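Here is what each chain is made of, one letter per residue.
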Amino acid sequence: MTTALGPAEEAVVDAGDGWRRLSPRMLAVHPVMELRRLIFPLVAVLIGLRNDDGGDGGWWALGIGGIGIALGFLRYFTTSFRITPVYVQVRRGLFRRRTLTVPRDRIRTVDVTSNVLHRIFGLARVTVGTGQTDKKNDGVKLDGLSAAAAENLHRELLHRPAVEPIPGVDPATRSQPAEAASETLLAALHPAWIRYGPFTLSGLVTIGVLFGIGSRLVNESHIDLAKISVVHDSIDYLRDRPLPVAILLVAAAVVVFTAIASTVGYVLAFWNFRLSRHSSGTLHVRRGLLTARNTTIEERRLRGVELSEPLLLRAVRGARVLAIATGLRVGRGADRGGSVLLPPAPRAVAADVAGTVIGDAGPLAVALTRHGARAGLRRFTRAATVSTILILIVLAFVLLAGARWWAFWTALTLLPLGALLALDRARSLGHALTADWLVSRHGSLVRRRYVLRTDAVIGWNMTTSLFQRRVGLTTLVATTAGGRQRYSILDVPDAEAIRVARAAVPGLLEQFLAD
Amino acid sequence: MHRVSPRALWYWVAKAAVLWVVLLVPQVIWWFADSDGAGLPHLIIGVAWLVLAAVHLAVMPQWRYRVHRWEATDTAVYTQTGWLSQERRIAPISRVQTVDSERGPIEQLFKLANVTVTTASAAGPIKIDGLAAKDADQLVADLTTRVGRTTGDAT
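Each chain carries its own residue numbering, running from 1 in the direction its sequence is written. Here the convention is simple: chains get letters from A, ligands get numbers from 1, in the order in which they are written. Residue-level local features of this predicted model are given only where pLDDT is at least 70; pairs of side-chain atoms are given and counted only at 80 or more, and the full residue set underlies all totals for whole chains, interfaces and linings.

**Describing the domain arrangement of chain A**
Residues and elements named next belong to chain A. To keep things clear, this is the line we draw: Segment limits for the domains were obtained from an automatic or database-derived domain assignment. With C-beta atoms placed from the backbone, a contact is any residue pair whose C-beta atoms sit within 7 Å. Gly is put with the polar residues, along with every residue not named as nonpolar or charged; the nonpolar set is Ala, Val, Leu, Ile, Met, Phe, Trp, Tyr, Cys and Pro, and the charged set is Asp, Glu, Lys and Arg.
Segmenting chain A into domains produces domain 1 (20–158), domain 2 (192–270), domain 3 (274–370 + 429–511) and domain 4 (372–425). Look at where the C-alpha atoms of domain 3 and domain 4 centre, and you get two points 31 Å apart. At the interface, 8 residues of domain 3 touch 7 residues of domain 4. Tallied by class, the residues present in the side of domain 3 that touches domain 4 amount to 4 nonpolar, 2 polar and 2 charged.

**Some points on unusual backbone geometry**
For residues other than glycine, phi is negative in most cases, and the peptide bonds are mostly trans. All names here are of chain A. Condition: Strands are runs of DSSP state E lasting at least 2 residues, helices are runs of H or I lasting at least 4, and numbering of each runs from the N terminus. Between the buried cut of 20 or more and the exposed cut of 12 or fewer other C-beta atoms within 10 Å of a residue's own C-beta lies the partly exposed class, and all C-beta atoms are placed from the backbone.
The phi dihedral of Arg317 is positive, around 55°, even though this residue is not glycine. Here Arg317 lies in the loop between helix H10 (311–315) and strand S14 (318–325). You can call Arg317 exposed: it has 12 C-beta atoms within 10 Å. In this model, Asp491 sits at a positive phi of 50°, which is unusual for a non-glycine residue. In this fold, Asp491 is placed in strand S21 (residues 486–493). Its 24 C-beta neighbours within 10 Å are what place Asp491 among the buried residues.

**What about the sheet that holds strand S16 (residues 430–433) of chain A?**
Residues and elements named next belong to chain A. Selection criterion: In this scheme, strands are said to pair when DSSP sees at least two bridges between them. Interaxial angles span 0 to 180 degrees and are taken between N-to-C directions of axes, which are lines fitted to C-alpha atoms, for helices over the stretch in contact.
Strands sit in the order S15-S14-S13-S18-S17-S16 across an open sheet of 6 strands; the sheet is antiparallel. Unpaired on one side and paired on the other, strand S15 (340–346) and S16 mark the two borders of the sheet. Averaged over all adjacent pairs, the angle separating strand axes in this sheet is 15°, with direction ignored. Pairing geometry for strand S17 (residues 437–442) and strand S18 (residues 446–453), over 6 bridges, is antiparallel. Residue pairing for S18: Leu438 is matched across the bridge by Leu452.

**Side note on the packing of helix H13 (residues 372–400) of chain A against helix H15 (residues 414–428) of chain A**
Residues and elements named next belong to chain A. Heads up, the rule is: For classification, angles of less than 35 degrees are called roughly parallel, those exceeding 145 degrees roughly antiparallel, those between 65 and 115 degrees roughly perpendicular, and all remaining angles oblique. Each crossing gets its handedness from the near helix: less than a right angle anticlockwise from the far helix is left-handed, clockwise is right-handed.
For the pair H13 and H15, the least separation of the axes is 8 Å and the interaxial angle reads 155°. Compared by their axis directions, H13 and H15 come out roughly antiparallel. Pair H13 / H15 crosses with right-handed handedness. Taken together, the residues of H15 that come into contact with H13 (itself represented by Gly376, Arg379, Phe380, Ala383, Ala384, Val386, Ser387, Leu390 and Ile391) are Leu414, Leu415, Gly418, Ala419, Leu421, Ala422, Arg425 and Ala426.

**Description of the nonpolar core**
Residue and element names in this part refer to chain A. As a reminder, the rule being used: In plain words, the nonpolar core is the set of buried Ala, Val, Leu, Ile, Met, Phe, Trp, Tyr and Cys residues that C-beta atoms within 7 Å link up.
Core analysis: the biggest nonpolar cluster contains 87 residues, and Val305, Leu341, Ala354 and Leu452 have the highest contact counts within it. Sequence-distant contacts of Leu452, that is, excluding residues within four places in its chain, are made with Arg303, Gly304, Ile324, Trp437, Leu438, Val457, Ala478, Thr480 and Tyr487. The next biggest cluster of nonpolar side chains, apart from the first, holds 19 residues, and it includes Leu22, Phe81, Val126 and Ala150.

**Description of the sheet that holds strand S4 (residues 87–92) of chain A**
Residues and elements named next belong to chain A. Taken together, 4 strands build an open sheet; the order of strands is S2-S3-S4-S5 and the sheet is antiparallel. Here the strands that pair on one side only, and so sit at the sheet edges, are strand S2 (20–21) and strand S5 (98–103). Bridge count between S2 and strand S3 (residues 80–83): 2 bridges; the pairing is antiparallel. Each bridged residue has a counterpart across the sheet, and for Arg20 the counterpart in S3 is Phe81.

**Some details on the interface of chain B and chain A**
On the side of chain A, 28 residues touch chain B, which itself brings 31 residues to the contact. At the level of secondary structure, the elements contributing two or more residues to the side of chain B that touches chain A comprise strand S2 (76–82), strand S3 (86–92), strand S4 (96–102) and helix H4 (133–148) of chain B. Of all the elements, S3(B) adds the most residues to the side of chain B that touches chain A, at 7 residues. In terms of residue class, the side of chain B that touches chain A is made up of 12 nonpolar, 12 polar and 7 charged. Sheet topology note: the strand S19 (residues 459–464) of chain A/S3(B) ladder contains 5 bridges and is antiparallel. Residue pairing in the sheet places Thr463(A) in a bridge with Glu87(B) of S3(B).

**Quick word on the confidence of the model for chain B**
The criterion, for reference: Residue-level confidence of the predictor, termed pLDDT, takes values from 0 up to 100.
Per-residue confidence for chain B gives a mean pLDDT of 89; residues scoring 70 or more make up 97%. Scoring of the predicted complex yields 0.76 for pTM and 0.90 for ipTM.

**Observations concerning the environment of Lys127(B)**
Residue and element names in this part refer to chain B. Looking at the element boundaries, Lys127 is found in strand S6 (residues 126–132). The class of Lys127 is partly exposed, set by 15 C-beta atoms lying within 10 Å. When the C-alpha positions of Lys127 and Ser5 are compared, they lie 15 Å apart, and in sequence the two are 122 residues distant. Leave out the neighbours within four places in its chain, and Lys127 touches Asn114 and Thr116.

**What to know about the environment of Tyr196(A)**
All names here are of chain A. Relative to the assigned elements, Tyr196 resides in the loop between strand S9 (183–188) and helix H7 (202–221). When the 23 C-beta atoms within 10 Å are taken as the criterion, Tyr196 is described as buried. Between the C-alpha atoms of Tyr196 and Ala375, which are 179 residues apart in sequence, the distance is 32 Å. Beyond its immediate chain neighbours, meaning those up to four positions away, Tyr196 contacts Leu313, Val316, Gly318, Pro344 and Ala345.

**Comments concerning the domain arrangement of chain B**
Residue and element names in this part refer to chain B. Domain annotation of chain B identifies domain 1 (7–66) and domain 2 (70–148). Once you take the C-alpha centre of each, domain 1 and domain 2 turn out to be 30 Å apart. The interface of domain 1 with domain 2 comprises 9 residues on the first partner and 9 residues on the second. Residue assignment for the side of domain 1 that touches domain 2 shows that the elements contributing at least two residues are helix H1 (7–33) and helix H2 (40–67). Across the side of domain 1 that touches domain 2, the residue classes tally to 6 nonpolar, no polar and 3 charged.

In structure tokens:
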């Protein structure tokens, strides 16, 4: 049995008016979107048609395309939405009519996106985030409002006159009507920041995606890669070189391509970036060259910030800032999800912006308490264990499967590399507790400093493995409703873990752990 | 601080036994598929299976029973679970979203139930395993009334 304890959320089924439609211009966009989803079967069928000379491949392509276009049209006619003072409702589906109802006070974020196609027709997509932790449910997504309507909806949903007190906002500014609200610019893209582009490695993702698309096309259309002259010639060229030279050449090509792709990716994602604070208690992030993205985060949903420094970016003294807010899940990569508060930028700027966003520069600058030699040693033993296992696997291949010995000698370099990584990981470890903020830092390949408001901590998990207990260390995890859901302080001495947990949330732990 | 029901010992034994039997299945299939091969590899893996299963079944439930604790006060819920790796979880009542009680087939066999308390964080569910069924019902009733008294959206 499940007992729901939140406020009642029964669906209001009201046959009354107020239902709105998407923009009719979407009739031009939806079919193209559907076609784009069907692009692989279509291309495969068309190529098959060309290779087979005739057959009924053409009819298949036409049929698939026709279904796609019909589906696109249907989406316009079957989707409608309305906004009542209490709810936002979306109706969609032809055979399975669904009405999705979201209470308005549960709305955490409003995200307005328009890709190239949208922009040609002056349209936008509005996504309303409700902070559901359920990954499958994508909530309210209205694809295809006119840009003006999207802007209106955005304002309607978030800039309502505040009915409940907003922590951190002066009561005098709160009572102002939405029209008189003003906007303060907190950060804007400086063209010089694009120099951090090559160090973001987002280009690796591009390579992966291109490789994926390429291999899928090759598979579905049965092209023999070796017959394409460019591929053929370059493989031949590499085959003539000695192996180390060939590896170096490939590596250099990957590095150059990654750097270019990462820079292009940076510009595409963050061009026109602006972070501003609206006096009605919201943060706005606007960014994107081709796909314009406009994210709004309610400040009363903001639980903290995350300063993230991937290794390469750290080497050139750069960092980026993410928001920790309920309703925003942290996705993979820099620009998935709407939680980006600052693209890769100089570290000083990042710390400054993060401090301004949370209204307290202290937690970003505060000296961190170290976790001690035992915690550092654990980094080394773990790195050594992983390297040793990998080396033994390689050794097994050499002895049993007849791999070359140089593979084993190369694998041996994992030990010093692992030690360097461990050293850096040990140096990253730290935590601090200021008046309102819990700060934790760890990681090497991506070093992150989490700054979480202590009243956003909704529980503690303290885990100890057998090895941790032998040296008296605990991993303290603060659970929260936003961002990554869990923010951990790795390998702190037991007494310190209890001290931090007690001081951050008074009156909770004392009842159970009386030491 | 409460211990779980002593019947939970047998519940953990039964659960682990199911796992070990499942692990036995591929070995038996392999044995039959490769009946003409040498017997030694089968014997080694079989003995390893037997030893590991025996040690696990003998040690794990006792160890767990010594570790597992739970308590629900007016303001918070606390659990302590695990054996090799142990975990303590605390959540304030004011942040609880749902209280959920479940009785799986093996649990019904031993007249046990578990209670899961979730918060708004995906990392925060607190699961109390191996409660006597009537204790579980009582706990759910208590928690529900306590949570009902709190206000706010618990994020």
